Amino acid sequence: MQLPFKFLQIVTWVFLVSSSSCSGTTNDSQTQLMCGSPRNTLNSTVPMSFFPNYVNAMETLQGQVFSRKSGQASVSVPPPEVFGLAQCQSGLSNFDCNLCFSQGRVKLPRCIPNPGARIYLEGCFLRYDTYNFFHESTNPKYDFINCTTQTNASIEKPLQVEFKNKVAQLITNVSELALKNRSFATVEAESEPVPAYALAQCWDSLKIEECRECLVAAGRELGNCAPGAGGQAMFTGCYMRYSTTKFFNSSSAVAPEEGGPDAYFVTAIAIASLGFLILACFGAYIGYEKLSKNRKEEQERTMRLLSINSNLNFQYEVLEEATNYFSDEMKLGQGGAGTVFKGTLQDGSEVAVKRLEYTTRQWVDQFFNEVNLINGIQHNNLVRLLGCSIEGPESLLVYEYVLNKSLDQIIFVKKTEQVLSWEQRYKIIAGTAEGLAHLHGGCGVKIIHRDIKASNILIAEDLTPKISDFGLARFANDECGNSSIAGTLGYMAPEYLIRGQLTEKADVYGYGVLILEIACGKKNSVYTQGSSSILHTVWKHYKANTLVKSIDPRLEDVYSRKEAENVLQIGLVCTQTSSSLRPSMPEVVPMLRFKDTPIPSPKQPPFLNASVLCAGGLTESSITKVSLSTHVLESAVLDFPISH
């Protein structure tokens, strides 16, 4: 029964996925995978009809190899025609040949969608291409010499010339014998100064003169490896190798009895395992194809940025080594956007490395935002972006290292010896305001952070606050009027949560919630409107003229009453329901820095209530469309792409 075209296409891509993720790369120096077509007939791309033809060619080769240890295949309907060739060394048993072919077949699709590839394994050769290469003997672009060493320490210098001549004669002998045998030969020379062994083989598809041409060219190049201990010539139409260590059986027929029950049984298991691997990886096709396209597009955008400022680009290996290969001991924290590790560069400087894995389009956008928006923006209250890396298996962001923890790890942990004093909290509140004011226009552009919260405020050794995590940040422009919703519940402004209306006043709201949390020493409840919410509690004390009762009791009344009341009032002003009633961050900074700056009185409670919605920003009709009960707020988490 003929398999559907779509299924064959998926199977081919499964081979690609399995070869790159289900099978590790080999460190064997005798293995060489080469991607590329000398003819480049399809400009390094292939039409969809290539995939079923490729699979059919591999299936044909498998049947031939399993029966006679070599094979040739061509599949031409529909175009393009796909040619395949496989051959094992003559001395290999059927069982070892089958295993070698199966290994090559799994590794070869790493080159897809390149229209041509070849792989040399220790024992077999496998190749596919979109033109007839069966009589191709040499190709300077792809013919490859691999010398084991440049010198042989076991051979004294006066004897190296003698050994070099010995290798040259060995190559001549094995080439002549292979031509006499019409494909394959091995030669041994166990005389002094050291023994040497050689093997030569042409592919069965070549004519005798084509084989001679390949062996002569391969031998001429391979001789240059001496007096090294060994070398390989991996040529288009042949394979040749010499070594001071014996790497083949003395007889070409020393293999176990071929075709025995055990061999066929193990081979059947290997084939069944390969089939299971295909089925197991089947579901990866759609996600892999989409993910590859998304990452390629984002890499192109980021590379354009990096080409402008090459100082941003870090090598993945350098960061991997700096973080002790991302060990748990170096982990600083983990959030929805990735994991952060401490790293020490070669010059001794310490950095924070954020490790992002591409799992959704949203994370791709977050990575680009952090590089594009924050690059070049410097302020004492903003974490400085030092660079990034997009060359490895995941993308990395490199920031200045901030010694202390994030604010939430300090302010909300009850069992801790470090209780921030009022002066320390005030410094954090004022510094965060200045960092936000810089983002909202002080840097020459207006950037909306969209996720101001305690876990995104890092605390330096001198307790200077630094705003971090700009993955959700956006430039403020005309397109920000209505935006897809992203952020953290409990810090999101009502107009943004309900209608997606995004302005810098959304950051002001989040900042208002933050400073109330700092002053009260308690995290704002996410879903409730009742007495457990900080917003509700502070508002109630404001109306009763008892604001100081909201202050963190751990401070034990060691603070300025007036200053504490001002901070709480600023928090209420910043969290008013209507965005038009909230001050801007440049207006908030002088309220904190200068005692004579007047602080407006809040006109609305810092939580949604239809009875108080009269001023601009939100209207009565717009709110009554949405129930603001706990149940509906929980539903909003499902309806909008909100990060936590």
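Anything mentioned here points back to the structure above.
Residues numbered from 1 in each chain as written. Predicted model: local features only at pLDDT ≥ 70, side-chain atom pairs only at ≥ 80, totals over all residues. Heavy atoms only, no water.

Caption draft 1: Representation of the overall build of the protein chain. Of the regular secondary structure elements, the protein chain holds 18 helices and 19 strands. Within the span of the protein chain, comprising 644 residues, buried residues form 52% of the whole. The long-range share in the protein chain, meaning contacts at least 24 apart out of those at least 6 apart in sequence, stands at 68%. Surface accessibility of the protein chain: about 29,500 Å² in total, with carbon and sulfur atoms responsible for 52%. (Helix = DSSP H or I, 4+ residues; strand = E, 2+ residues; numbered from the N terminus. Buried < 20%, exposed > 50% of the residue type's maximum accessible area, 1.4 Å probe, protein only. Contact = heavy atoms within 4.5 Å. Areas by Shrake-Rupley, 256 points an atom, 1.4 Å probe, with all protein chains shown as cover.)

Caption draft 2: Looking closely at the state of the cysteines. Taken as a whole and assessed by the stated rule, the structure comprises six disulfides. Note that Cys35 is cross-linked by a disulfide to Cys111, the S-S spacing being 1.8 Å. Negative torsions about the S-S bond denote left-handed disulfides, and the value of about -70 degrees found for Cys35 with Cys111 makes this one left-handed. Taken as a pair, Cys35 in strand E1 (residues 32-35) and Cys111 in the loop between helix H3 (94-107) and strand E4 (117-121) lie far apart in primary sequence, 76 residues in all. Residue Cys202 pairs covalently with Cys211 via a disulfide, S to S 2.0 Å. Its S-S torsion of approximately 85 degrees makes the covalent link between Cys202 and Cys211 right-handed. (Disulfide = S-S within 2.5 Å.)

Caption draft 3: Expanded view of the sheet that holds strand E6 (residues 144-147). In spatial order, the strands read E6-E9-E10-E8-E7; together these five strands make up an open sheet with antiparallel pairing. Looking at the sheet topology across the chains shown, the edges are occupied by E6 and strand E7 (184-189). Pairwise comparison of adjacent strand axes, ignoring direction, gives a mean angle of 5 degrees for this sheet. Bridge analysis of strand E8 (residues 196-202) against strand E10 (residues 238-243) gives six bridges, and the strand direction is antiparallel. Its bridge partner being in E10, Ala198 is matched across the sheet by Tyr242. Contacting E7, E8 and E10, helix H4 (residues 157-181) runs over the sheet at an angle of about 150 degrees to E7. (Pairing = 2+ DSSP bridges. Axes fitted to C-alpha atoms, helices over the stretch in contact; angles between N-to-C directions.)

Caption draft 4: Broad picture of the packing of helix H11 (residues 422-439) against helix H13 (residues 505-520). Two numbers describe how H11 lies on H13: the axes approach to 10 Å, and their chain directions differ by 175 degrees. By the angle between their axes, H11 is roughly antiparallel relative to H13. Here Trp422, Arg425, Ile428, Ile429, Thr432, Ala433 and Leu436 of H11 come into contact with H13, specifically with Asp507, Tyr511, Leu514, Ile515, Ile518 and Ala519. Class assignment of the residues belonging to the contact of H11 with H13 gives a composition of ten nonpolar, one polar and two charged. (Parallel < 35°, antiparallel > 145°, perpendicular 65-115°, else oblique. Nonpolar A, V, L, I, M, F, W, Y, C, P; charged D, E, K, R; others polar.)

Caption draft 5: Spatial organisation of the sheet that holds strand E5 (residues 124-129). The antiparallel open sheet is built from five strands, whose spatial order is E1-E4-E5-E3-E2. Across the chains shown, the open sheet's two edge strands, defined by having one partner strand only, are E1 and strand E2 (70-75). Strand after strand, the sheet turns through a mean of 5 degrees between neighbouring axes, direction not considered. Strand direction decides the pairing type here: E4 and E5, joined by five bridges, are antiparallel. Counted as the bridge partner of Ala117 is Tyr128 from E5. This element, helix H2 (residues 50-68), spans E2, strand E3 (82-88) and E5 of the sheet and lies at about 155 degrees to E2.

Caption draft 6: Fine view of empty space enclosed by the protein. For the structure shown, the criterion picks out seven cavities of 30 Å³ or more. Every residue along the wall of the second largest cavity is listed here: Arg450, Asp451, Ile452, Thr488, Tyr491, Met492, Ala493, Tyr496, Ala506, Asp507 and Gly510. With three residues, the single largest contributor to the lining of the second largest cavity is H13. Residue composition of the lining of the second largest cavity, by class: six nonpolar, two polar and three charged. (1 Å grid on protein atoms, 1.4 Å probe; cavity = no way out; pocket = protein on both sides within 12 Å on 5 of 7 lines; lining within 4 Å. Points joined across faces, edges and corners; volume = space filled by probe spheres on them.)

Caption draft 7: Looking closely at the packing of aromatic side chains. Scanning the entire structure with this criterion turns up 14 aromatic pairs. For the ring pair Trp539 and Tyr542, a centre distance of 5.8 Å and an interplane angle of 35 degrees mean the geometry is tilted. With Trp539 and Tyr542 both in helix H14 (residues 534-543) and three residues apart, the pair spans about one turn of that helix. Given a relative accessible area of 21%, Tyr542 falls into the partly exposed group. Taken together, the aromatic side chains of Phe83, Tyr131, Phe133 and Phe134 make up a single cluster linked through ring pairs. Above the face of the Phe247 ring, Arg241 is positioned so that its terminal group lies 4.0 Å from the ring centre. Across from the ring centre of Phe326, 4.2 Å away, lies the NZ or CZ of Arg355, which sits over that ring. (Phe/Tyr/Trp six-rings, centres within 6.5 Å; stacked < 30°, edge-to-face > 60°. Lys NZ or Arg CZ within 6 Å of the ring centre and 35° of its normal.)

Caption draft 8: Inspection of the pairing of E10 at higher detail. Most of E10 is tucked away, with six of its six residues classed as buried. Because side chains alternate across E10, one face comprises the buried residues Cys238, Met240 and Tyr242, and the other comprises Tyr239, Arg241 and Ser243, equally buried. Of the pairings in the sheet, the one linking strand E9 (residues 230-234) to E10 comprises five bridges and is antiparallel in character. Residue pairing across strands places Ala233 opposite Met240, the latter belonging to E10. In sequence, E9 turns back onto E10 through a hairpin of three residues.

Caption draft 9: A look at the pattern of salt bridges. Under the criterion given, the structure shown has 16 salt bridges. For Glu504, the salt bridge is made with Lys446, and the minimal N-O distance between the two is 3.5 Å. A residue pair is termed long-range when its members are at least 10 positions apart, and Glu504 in the loop between helix H12 (494-499) and H13 and Lys446 in the loop between H11 and strand E16 (447-448) qualify at 58 residues. Judged by its relative accessible area of 33%, Lys446 falls in the partly exposed class. Arg554 serves as the salt-bridge partner of Asp552, at 3.0 Å between the closest nitrogen and oxygen. On the basis of relative accessibility, which here comes to 3%, the residue Asp552 falls in the buried class. (Salt bridge = Lys/Arg side-chain N within 4 Å of Asp/Glu carboxyl O.)

Caption draft 10: Representation of the nonpolar core in the model. Core analysis: the biggest nonpolar cluster contains 68 residues, and Leu407, Trp422, Tyr511 and Leu592 have the highest contact counts within it. In terms of residues, this core owes the most to one element, H13, which gives eleven residues. Apart from the residues within four sequence positions on either side, Tyr511 is in contact with Ile429, Thr432, Ala433, Leu436, Ile452, Cys574, Met585, Val588 and Leu592. Membership of the second largest hydrophobic core comes to 29 residues, among which are Leu170, Val187, Ala198 and Cys211. (Core = buried A, V, L, I, M, F, W, Y, C linked by side-chain atoms within 4.5 Å.)

Caption draft 11: Representation of helix H5 (residues 208-222) in the model. Given a rise of 1.5 Å per residue, 15 residues ought to cover 21 Å, and the 21 Å separating the end C-alpha atoms of H5 matches this to within 8%. Along H5, the residues classified as buried are Glu210, Cys211, Cys214, Leu215, Ala217, Ala218, Gly219 and Leu222. On its buried face, H5 is in contact with E6, H4, E8, E9 and E10. (Expected span 1.5 Å × (residues − 1).)

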